[in-house]
Amino acid sequence: MSTTIKKGENKQQEKEDEKNSIQESSLKQRNVKKEKEDENNSSNNNDKKKTTTTTTTNTTTKTPIKTTDKIKLNYPVFCCDSSTNVKSPYIVTGGGGGNSKTGVPNAITLLKWNLEGSSSSEFQLIDQIDTADCIPYITFNDNKNQIAYAIGTICYIVDYKNNKLEKVTQFDINKNIPSNAYHLAIKATSLSNDNENNENNNNNNNNNINNNNENNNQNNNQNNNNNINNSNNNNNKNENESLSSSSTSTPSSGSLCSTTAASLSTEIKLIKFNKDGDRIIIVDDKNLIKVWSLPSLNFIKMISPQHNGEITDIDIHPASTHLLTASRDCSAKIINLLNGKIEFTLLHKQKPRLVFRGCKFTSDGLYFYTAQSIPKGKNSIGCTVLSKWNFTTGQEESFKEVDIYHNTSFTLSPDNKTIAIVTADGKITAYSSDTFKPLDKWEPHDFVVTGACFSPDSSTIFSSSADYNCKSHRIGFGNKSNSTKLIKALFFLAIIVLILSLIFGQINN
């Protein structure tokens, strides 16, 4: 009995020992698993740290970035501009669906030219920011790496740093304007108009004095009387215009003199920076020109250019001394920015009914180019004329009719060698600025072309459209879409000829 009890106790002891050993082994396995998990976690963390460091090093080093010659944005594009700085070769576009609830965003987009290698005509997307409303006009400040755009009465100035758009400041063009700014603007332009009329009258009188016979003397007297009447009529006309309230977009001097800065609210139509980047010039919807200083945004002066129609384009002389304006009243004007006086009123005398739709100074400031045109109509034949003018004399040195459609956009290359215009038929044409001979012509979009600008190296033209697309085209390389269409047409024509030859061969047999 004792032996059997001892055996039973031994068996129970063995079982308990087995259980304890199993528990110990399971604990060891758990500890081993934990150690492995800890090792894995630490290795993963180390890997993450390694990948993070490699990512940052990748961003600092130059990596190949995808470039393209066309891009589709998420909004209709209504304006574009390109920097002329080769070291900072950016493009900016603006547009949108407006403030109505259409779901189409309003935005500005920053892109960058690739000026190296075989893809020098391509660009890449950099950044985009949303805006409160659609952007109709946008411009660069090359000297300060800034962009300006307008919404209503507010001008927005945006920095672009480290491939990012950053909103800097905004100001209302109707605020902080002295009460006598309007009176000074009218006074300066009225004096310049009187001087211009007196010069014309003196020239006519001098020409009349040079005639010696009696008939010429009679004609002189008649011309003098006519000149006096014309000058009186001009003065009366100016007085009537100044006293009458304007029903068009042009402000009259009487309305300006009788109003104050608070009562005359205007919206922005055009914006331009000067070359030094310390002035911003704004044209409003009443054809008033306002000059502001940068970066202080202090109001400097107001200028009334006395245009009887909408101002379509402006440009600033490289020395920041003069302003060039183009207008629908079939004239362009050179205005002294220092005293606000109009120095020259320019007319294309061959076809005086042409509307000025673009103007641009050369980089040396000695000359400037304009584009004037008229749309096709029942009583008119459409055309576009390019002209070269002397800045010092205000004389038209050369011109040429270049197209049967009126131009909707006009630009001059940074090297002053090429002019590009967009015409109403949706085509872009590049011309030599010396001879006005066409260098290239293409149709980049299937919808309205809303803008065009040159690359900083003057080799490529960037275009925007309301069809959401933007494209670049290297001048002299033809139209890729047209060439592919021609190849397809020739291919189908060859197939048709082959089929017809086979049919006629069978008929003859």
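Everything that follows concerns the structure shown earlier in this document.
Residues numbered from 1 in each chain as written. Predicted model: local features only at pLDDT ≥ 70, side-chain atom pairs only at ≥ 80, totals over all residues. Heavy atoms only, no water.

Caption draft 1: Looking closely at the overall build of the chain. Along the backbone of the chain there are five helices and 28 strands. Counting only contacts in the chain whose residues sit at least 6 apart along the sequence, the fraction spanning at least 24 positions is 47%. Working note: accessible area of the chain is about 28,400 Å², and carbon and sulfur atoms make up 50% of it. (Helix = DSSP H or I, 4+ residues; strand = E, 2+ residues; numbered from the N terminus. Contact = heavy atoms within 4.5 Å. Areas by Shrake-Rupley, 256 points an atom, 1.4 Å probe, with all protein chains shown as cover.)

Caption draft 2: Structural view of the sheet that holds strand β17 (residues 342-346). Strand order in the open sheet formed by four strands is β14-β15-β16-β17, with antiparallel pairing between adjacent strands. The open sheet has two free edges, formed respectively by β14 (311-316) and β17, since each of these has just one partner strand. Direction aside, the axes of adjacent strands within the sheet are offset by 15° on average. Across five bridges, strand β15 (residues 322-327) lies against strand β16 (residues 332-336) in antiparallel orientation. Its bridge partner being in β16, Thr325 is matched across the sheet by Lys333. (Pairing = 2+ DSSP bridges. Axes fitted to C-alpha atoms, helices over the stretch in contact; angles between N-to-C directions.)

Caption draft 3: Here's a closer look at the nonpolar core. Of all hydrophobic cores here, the largest spans 35 residues; its most connected members are Cys155, Ile271, Ile280 and Ile282. Contributions of two or more residues to this core are made by β7 (146-151), β8 (154-161), α2 (181-209), β10 (268-273), β11 (279-284), β12 (289-293), β13 (299-303) and β14. Residues contacting Cys155, with those up to four places away along its chain left out, are Ala148, Tyr149, Thr169, Gln170, Phe171, Ile268, Ile271, Ile280 and Ile282. Among the nonpolar cores identified, the runner-up in size contains 18 residues, and Ile126, Ile138, Ile147 and Ile154 belong to it. (Core = buried A, V, L, I, M, F, W, Y, C linked by side-chain atoms within 4.5 Å. Buried < 20%, exposed > 50% of the residue type's maximum accessible area, 1.4 Å probe, protein only.)

Caption draft 4: Spatial organisation of the pairing of strand β27 (residues 460-465). Most of β27 is tucked away: six of the six residues are buried. On β27, burial covers both faces: Thr460, Phe462 and Ser464 on one face and Ile461, Ser463 and Ser465 on the other are all buried. The pairing of strand β26 (residues 449-454) with β27 spans five bridges and is antiparallel. Its bridge partner being in β27, Val449 is matched across the sheet by Ser465. Where β26 folds back on β27, the antiparallel hairpin that results is connected by five residues, among which Ser458 adopts a positive phi of roughly 65°. As judged from the five bridges shared by β27 and strand β28 (residues 469-474), these two strands associate in the antiparallel manner. Looking at β28, one finds that Ser463 is bridged to Lys471. What sits between the antiparallel neighbours β27 and β28 is a turn of three residues, in which Tyr468 has the positive phi angle 80°.

Caption draft 5: Main features of unusual backbone geometry. Leu294 connects to Pro295 through a cis peptide bond whose omega is 0°. Along the chain, Pro295 turns up in the loop between β12 and β13. In this structure, Asn145 is a non-glycine residue whose phi angle is positive, near 55°. Relative to the elements of secondary structure, Asn145 occurs in the loop between β6 (138-141) and β7.

Caption draft 6: Fine view of the packing of aromatic side chains. Per the counting criterion, the structure on display carries 14 aromatic pairs. Each ring, one from Phe140 and one from Tyr160, has its centre 5.7 Å from the other, and the planes form 90°; the classification is edge-to-face. In this pair, Phe140 sits in strand β6 while Tyr160 sits in strand β8, placing the two residues 20 residues apart along the sequence. With centroids separated by 5.3 Å and ring planes inclined at 75°, the aromatic side chains of Trp292 and Phe299 adopt a geometry described as edge-to-face. Each of the two residues, Trp292 as well as Phe299, counts as buried. An aromatic cluster of at least three residues, connected via ring pairs, comprises Phe356, Phe361, Phe368, Trp389 and Phe391. Sitting above the plane of the Tyr405 ring, Lys376 keeps its charged end 4.7 Å from the centroid. The ring of Tyr367 is capped by Lys388, whose NZ or CZ atom sits 4.5 Å from the centre of that ring. (Phe/Tyr/Trp six-rings, centres within 6.5 Å; stacked < 30°, edge-to-face > 60°. Lys NZ or Arg CZ within 6 Å of the ring centre and 35° of its normal.)

Caption draft 7: How the structure looks around a nonpolar patch on the surface. On the surface, Phe491, Phe492, Ile495, Ile496, Ile499, Leu500, Ile503, Phe504 and Ile507 cluster together into a nonpolar patch covering about 900 Å² of accessible area. Here Ile503 shows up in helix α5 (residues 480-508). Owing to a relative accessible area of 41%, Ile503 belongs among the partly exposed residues under this scheme. (Patch = residues over 30% accessible without salt bridge, like charges linked within 9 Å, V, L, I, M, F, W, Y side chains within 5 Å. Salt bridge = Lys/Arg side-chain N within 4 Å of Asp/Glu carboxyl O.)

Caption draft 8: Fine view of the sheet that holds strand β4 (residues 106-114). Taking strand neighbours across the sheet as the criterion, the four strands line up as β2-β3-β4-β5 in an open arrangement whose pairing is antiparallel. Sheet topology places β2 (77-82) and β5 (122-130) at the edges, where each strand pairs with a single neighbour. With strand direction ignored, the average angle separating the axes of adjacent strands in the sheet is 20°.

Caption draft 9: Looking closely at the side chain of Ser331. Mapped onto the secondary structure, Ser331 falls in the loop between β15 and β16. In this structure the side chain of Ser331 is engaged in a polar contact, spanning 3.4 Å, whose partner is the side chain of His307. (Polar contact = N/O pair within 3.5 Å; in protein donor to acceptor, adjacent residues only side chain to side chain.)

Caption draft 10: Region of interest: the state of the cysteines. Applying the stated criterion across every chain yields a total of zero disulfides. No disulfide involves Cys79; its sulfur sits 7.3 Å from that of Cys80, the nearest cysteine. (Disulfide = S-S within 2.5 Å.)

Caption draft 11: Region of interest: the environment of Gln124. Within the secondary structure, Gln124 sits in strand β5. Residue class for Gln124 comes out buried when judged on its relative accessible area of 13%. Placed 34 residues apart in sequence, Gln124 and Tyr90 show a C-alpha to C-alpha distance of 9.5 Å.

Caption draft 12: Structural context of the pattern of salt bridges. Under the definition given, this model contains seven salt bridges. A salt bridge links Arg328 to Glu310, with the shortest nitrogen-to-oxygen separation between them at 3.2 Å. In this pair, Arg328 sits in the loop between β15 and β16 while Glu310 sits in the loop between β13 and β14, placing the two residues 18 residues apart along the sequence. Judged by relative accessible area, which is 39%, Glu310 ranks as partly exposed. Between Glu401 and Lys351 there is a salt bridge whose closest N-O contact spans 2.9 Å. Taken as a pair, Glu401 in strand β21 (residues 396-403) and Lys351 in the loop between β17 and β18 (355-361) lie far apart in primary sequence, 50 residues in all. In this structure Glu401 comes out as partly exposed when scored by relative accessible area, which is 42%. Residue Lys351 is classed as partly exposed on the basis of its relative accessible area of 35%.

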